[in-house]
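# Examination of the molecular architecture
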Amino acid sequence: MRTLSINVFPGAINVPLWAGLKQGFFASRGLDLDIIFTPNSIEQLTGIAAGKFDIMLTAIDNIIAYKEKQGEVPADGDTDLFAFMGSDDAFLRFVVQEDIKSFADLPGKILTADALTTGFAFVLRRMLALNGIDENSIEWISTGGVLQRWQAMMEHPEQKGTLQVTPFEIMGASKGHHVLARAADVLDSYQGIVGGTRVAWARENAEDLSGFIAGWLDAVNWLYDPANRRAALDIIAENMPQMPETVAADALDVFFDPQTGMRRDGSFDMPGIATVLDLRREFGPAPDDLHGPEHYIDTIYLDAAKGR
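Cut-offs used in this document
Residues numbered from 1 in each chain as written. Predicted model: local features only at pLDDT ≥ 70, side-chain atom pairs only at ≥ 80, totals over all residues. Heavy atoms only, no water. Helix = DSSP H or I, 4+ residues; strand = E, 2+ residues; numbered from the N terminus. Rg over C-alpha atoms; globule rule 2.2 N^0.38 Å. Buried < 20%, exposed > 50% of the residue type's maximum accessible area, 1.4 Å probe, protein only. Contact = heavy atoms within 4.5 Å. Pairing = 2+ DSSP bridges. Axes fitted to C-alpha atoms, helices over the stretch in contact; angles between N-to-C directions. Right-handed = clockwise from strand over helix to strand, strands pointing away. Salt bridge = Lys/Arg side-chain N within 4 Å of Asp/Glu carboxyl O. Parallel < 35°, antiparallel > 145°, perpendicular 65-115°, else oblique. Left-handed = near helix turned anticlockwise from the far one by under 90°.

Take the overall build of the protein chain next. Secondary structure summary: the protein chain contains 13 helices and ten strands in total. Against the compact-globule benchmark of 19 Å for 308 residues, the protein chain has a radius of gyration of 19 Å, which places it among compact chains. Considered along the principal axes of its C-alpha atoms, the protein chain spans approximately 55 × 45 × 30 Å. Put simply, the protein chain has 308 residues, and 58% of those count as buried. For the protein chain, contacts bridging at least 24 residues in sequence account for 79% of all contacts bridging at least 6.

Listed below in structure tokens is the structure:
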């Protein structure tokens, strides 16, 4: 049995990893997983460049940013990164405090992000622009990954809004947090979360990588089966015992919606990657350094996984 280290952001969105371990989908490919939670994208991307772990689940814009030397901080090590499978649009929701009723209430207020020069912050900036809000009228604070941003908004009501990933928008409802807009409302398509790693590591561990992808896809498809709903809720409870079952059930509804949920086949949303690049060209530091979507992905390992 070989152990792969997987770096992810905390949250119920990791249920395919937990289900894959519980149901033996990874073990059947000779794999075990060491799941490592990251506090923010800087730790994640600099960590994978330094070889601290093998695979990450992350926003594709993070891969683009660090591959093109446009990350929030310089990363030592190997930044020749790529995405090997697509998962979802990140289920992004712009969540605000109870007293924020419309975009017009935002000038002069504090909004938070993970890293201010990578993708989810760009999505929020696009939302503001489309609603006539000058981003320079906003006070921006970087408070970390989704869990840290949720905790910060719960504890500091002066932080008026952030982009959240399901189910954190549901979990904040007890304090009056509500969804002002969804990314899907303003973007025709968006590739959010992908599986990513270093090109060199993938070449040296091609069988393990395709095995990981195969186990992930088996888990996702198992989670789509209504017959496994009770078991899926139990798996979330085992890994997130503090989460009420009603919240977990709502999260599963979002993650495995037949039209908008996680991709059953691991394919990429190519127009969605084009949107990510469009946002980076608009808001990023070096728009002329970017390439087309194909430059940042490689489907060879996904194709190999289909036969395993």
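In this section: the environment of Gly-196. Here Gly-196 shows up in strand E10 (residues 193-198). Residues Gly-196 and Val-96, 100 residues apart in the sequence, show an inter-C-alpha distance of 30 Å. If sequence neighbours within four positions are ignored, Gly-196 has contacts with Ile-48, Ile-55, Met-56, Ile-63, Phe-82, Ala-83 and Phe-84.

Strand order in this open sheet of five strands is E7-E6-E8-E5-E9, and the pairing throughout is mixed. Taken across any chain shown, the strands that pair with only one partner, and hence form the sheet edges, are strand E7 (139-142) and strand E9 (178-182). Each strand axis lies, on average, 30° off the axis of its neighbour in the sheet, ignoring direction.

Going from Thr-166 to Pro-167, the amide bond is cis rather than trans, its omega being 10°. As for its placement among the helices and strands, Pro-167 is situated in the loop between strand E8 (159-165) and helix H6 (168-171). At Lys-69, a position not held by glycine, the phi torsion is positive, near 60°. Position of Lys-69 relative to the elements: it lies in the loop between helix H3 (60-67) and strand E4 (81-88). In the Ramachandran plot, Ala-90 falls in the positive-phi region, its phi being about 75° despite a non-glycine side chain. Turning to its location among the elements, Ala-90 is positioned in the loop between E4 and strand E5 (92-96). Judged by relative accessible area, Ala-90 falls into the buried class, the value being 0%.

What follows concerns the environment of Val-194. Inspection of the secondary structure assignment puts Val-194 in strand E10. For Val-194, a relative accessible area of 0% puts it in the buried group. In this structure the C-alpha to C-alpha distance between Val-194 and Gly-266, which are 72 residues apart in sequence, comes to 8.7 Å. Among all residues touching Val-194, those that are not within four sequence positions of it are Met-56, Leu-57, Thr-58, Ala-59, Ile-60, Ile-63, Ala-83, Met-85, Gly-86, Ser-87 and Phe-268.

It is worth spelling out the pairing of E8 at this point. In terms of burial, E8 is largely enclosed, as seven of its seven residues are buried. As defined by bridge partners, E5 adjoins E8 across five bridges and the pair is classed as antiparallel. When the bridges of E8 are listed, Arg-93 appears paired with Gln-164. As paired elements, strand E6 (residues 110-113) and E8 share three bridges and run parallel to each other. Bridging across to E8, Ile-110 finds its partner in Gln-159.

With that settled, consider the pairing of E7. Taken together, the four bridges between E6 and E7 define a ladder with parallel strand orientation. Bridging across to E7, Thr-112 finds its partner in Ile-141. Regarding topology, helix H4 (residues 119-130) serves as the crossover connection from E6 to the parallel E7, and that connection is right-handed.

Glancing now at the pattern of salt bridges. This model, assessed by the stated rule, comprises 14 salt bridges. A salt bridge links Glu-282 to Arg-126; the shortest N-O distance between them is 2.7 Å. Residue Glu-282 is found in helix H12 (residues 270-283), and its partner Arg-126 is found in helix H4; the two are separated by 156 residues along the sequence. Taking relative accessible area as the criterion, Glu-282 reaches 44% and is therefore assigned partly exposed.

Time to look at the packing of H3 against H12. Contact pair H3 / H12: the axes reach a minimum separation of 10 Å and the direction vectors enclose 50°. If you check the angle between H3 and H12, you find them oblique. Remark: the crossing between H3 and H12 carries right-handed chirality. Contacts between H3 and H12 pair Ile-60, Asp-61, Ile-64 and Ala-65 from the former with Ile-273, Val-276, Leu-277 and Arg-280 from the latter.

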